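Geometric and topological summary
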Amino acid sequence: MDGILENSVLGDGIRVFFFDLDGCIYFGGVLADGANELLALLRAKGVAVGFITNNSRETSAEIRRKLIGMGLAIRDEEIIVTATEGVADYLAERYGASSVKVAGSASLSAAIELRGHRILGWEDRENADLVVVGRDTGFNYVRLQQIVNEALKGARIVGTNSDASHPGSEEELVPETGSLLASVRAIVEDEIESIGKPHPYLYEIGMRAYGASPSECVMVGDNLMTDIVGAARVGMPAIWVGGAASDIYLDSIIAPVISCHKLSDLFGTIVKQ
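Keep in mind that this is a model prediction, so the values were computed, not measured.

1. Focus on the overall build of the protein chain
Along the backbone of the protein chain there are 9 helices and 16 strands. Across the 273 residues that make up the protein chain, the buried fraction comes to 52%. Of the contacts formed within the protein chain by residues at least 6 apart in sequence, a portion of 66% connects residues at least 24 apart. Element-wise, carbon and sulfur atoms account for 50% of the exposed surface of the protein chain, whose accessible area totals about 12,100 Å².

2. Observations concerning the state of the cysteines
Among covalent bonds in proteins, the disulfide is the one between the sulfur atoms of two cysteines. A complete count under the given rule lists 0 disulfides for this structure. Looking at cysteine 24, it has no disulfide partner, and the nearest cysteine sulfur is the one in cysteine 260, 7.9 Å off.

3. Let's talk about the sheet that holds strand E9 (residues 130-133)
Taken together, 5 strands build an open sheet; the order of strands is E8-E7-E9-E10-E13 and the sheet is parallel. Each edge of the open sheet carries a strand with a single partner, namely strand E8 (118-119) and strand E13 (193-194). The pairing of strand E7 (residues 99-103) with E8 spans 2 bridges and is classified as parallel. Bridge pairing in E8 places valine 100 opposite isoleucine 119. Where helix H4 (residues 106-114) meets the sheet, its contacts fall on E7, E8 and E9, and the angle it forms with E7 comes to roughly 165°.

4. Some details on the packing of aromatic side chains
Two aromatic rings, taken as a pair, are described by how far apart their centres are and by the angle between their planes. Following the criterion strictly, the structure yields 4 aromatic pairs and no others. Ring centres of phenylalanine 18 and tyrosine 210 lie 5.9 Å apart, and the angle between their planes is 55°; this geometry places the pair in the tilted category. Here phenylalanine 18 is found in strand E2 (residues 16-19), whereas its partner tyrosine 210 is found in helix H7 (residues 201-210), with 192 residues between them in sequence. One exposure class covers both phenylalanine 18 and tyrosine 210, and it is buried. Put simply, the rings of Phe17, Phe19 and Phe51 touch in pairs and so form one group of aromatic residues.

5. Details of the layout of surface pockets
Here the largest pocket defines a volume of roughly 210 Å³. In terms of lining residues, the largest pocket is bounded by 13 residues, among which Gly23, Phe27, Val241, His261 and Lys262 are the most central. Split by residue class, the lining of the largest pocket holds 6 nonpolar, 4 polar and 3 charged. Contributing to the lining of the second largest pocket are 15 residues, with Asp20, Asp22, Asp163, Ser165 and His166 lying nearest its centre. Secondary-structure elements contributing two or more residues to the lining of the second largest pocket are strand E11 (165-167) and helix H8 (224-234). It is E11 that contributes the most residues to the lining of the second largest pocket, 3 residues altogether. Considered class by class, the residues forming the lining of the second largest pocket number 1 nonpolar, 7 polar and 7 charged.

6. Describing empty space enclosed by the protein
Empty space among the atoms can be located by rolling a probe the size of a water molecule over them. On inspection of all chains with the given rule, the structure shows 1 cavity of 30 Å³ or more. Of the volumes computed, that of the largest cavity is approximately 30 Å³. Lining the largest cavity we find Asp22, Asn55, Ser56, Arg57, Arg135, His166 and Glu176. The class makeup of the residues in the lining of the largest cavity is no nonpolar, 3 polar and 4 charged.

7. A closer look at the pairing of E7
In terms of residue burial, E7 counts as a mostly covered element, since 5 of its 5 residues are buried. Residue alternation in E7 divides its side chains into two sets, Ser99, Lys101 and Ala103 and Val100 and Val102, and both sets are buried. In this view, the connection linking E7 to its parallel neighbour E8 by way of H4 has right-handed handedness. Sheet topology note: the E7/E9 ladder contains 4 bridges and is parallel. If you follow valine 100 over to E9, its bridge partner there is leucine 130.

About the thresholds
Residues numbered from 1 in each chain as written. Predicted model: local features only at pLDDT ≥ 70, side-chain atom pairs only at ≥ 80, totals over all residues. Heavy atoms only, no water. Helix = DSSP H or I, 4+ residues; strand = E, 2+ residues; numbered from the N terminus. Buried < 20%, exposed > 50% of the residue type's maximum accessible area, 1.4 Å probe, protein only. Contact = heavy atoms within 4.5 Å. Areas by Shrake-Rupley, 256 points an atom, 1.4 Å probe, with all protein chains shown as cover. Disulfide = S-S within 2.5 Å. Pairing = 2+ DSSP bridges. Axes fitted to C-alpha atoms, helices over the stretch in contact; angles between N-to-C directions. Phe/Tyr/Trp six-rings, centres within 6.5 Å; stacked < 30°, edge-to-face > 60°. 1 Å grid on protein atoms, 1.4 Å probe; cavity = no way out; pocket = protein on both sides within 12 Å on 5 of 7 lines; lining within 4 Å. Points joined across faces, edges and corners; volume = space filled by probe spheres on them. Nonpolar A, V, L, I, M, F, W, Y, C, P; charged D, E, K, R; others polar. Right-handed = clockwise from strand over helix to strand, strands pointing away.

What follows is the structure in structure tokens.
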């Protein structure tokens, strides 16, 4: 284990560990080695466990079922904060009930509708107030054309997250929402919001759920520019899985972190404390 804060993984006042999912707790459909052992150790030490993911294709309930199917021993009270449901809440809080066209999964549309928004189909000639772009696996030229023309007619575009990709089970790259938003940004000049990590919004949902302050939480993730930078923005210490301390710029942007190659290394460090 290398990095800074080697002796502070479970420092005074740490009450909650938040974990990223893709590339951290699991890879594709495969659970990370040591995931269950690490979570059990944290619980035994009185630390709460939660999950914060930029997944925009599945709801928290769907992800919970998937994790259980992989063999993760997740408890009912342990929360899963998703970009899928997070964006629905964000739209309601910032814009109020709105008409929305969605580039993404059926679950994303359902979550947005459940929050009180009116979903319009892409074939609907009515212009939307908002266009939400998630990880749309059917994204194509026609969808790009529809999105940018909705923007031309006054729709605000909101992305679920800015990740360009995430790692699959065979270490292949899986294109993410950020790569789709890049094509939209190439045409649309207006700023495009993304509510997923590193935006503070999902972290704030997680902290409210546990009644915890940033200094009482730790974020564990594999993506430096989303998981770790996002933690920095809310003042939360972080653990970078798969990173190296020598790669970290210790300035005002990056939170205090330690690094580990894999979750089982983190387990070994906590055991020693």
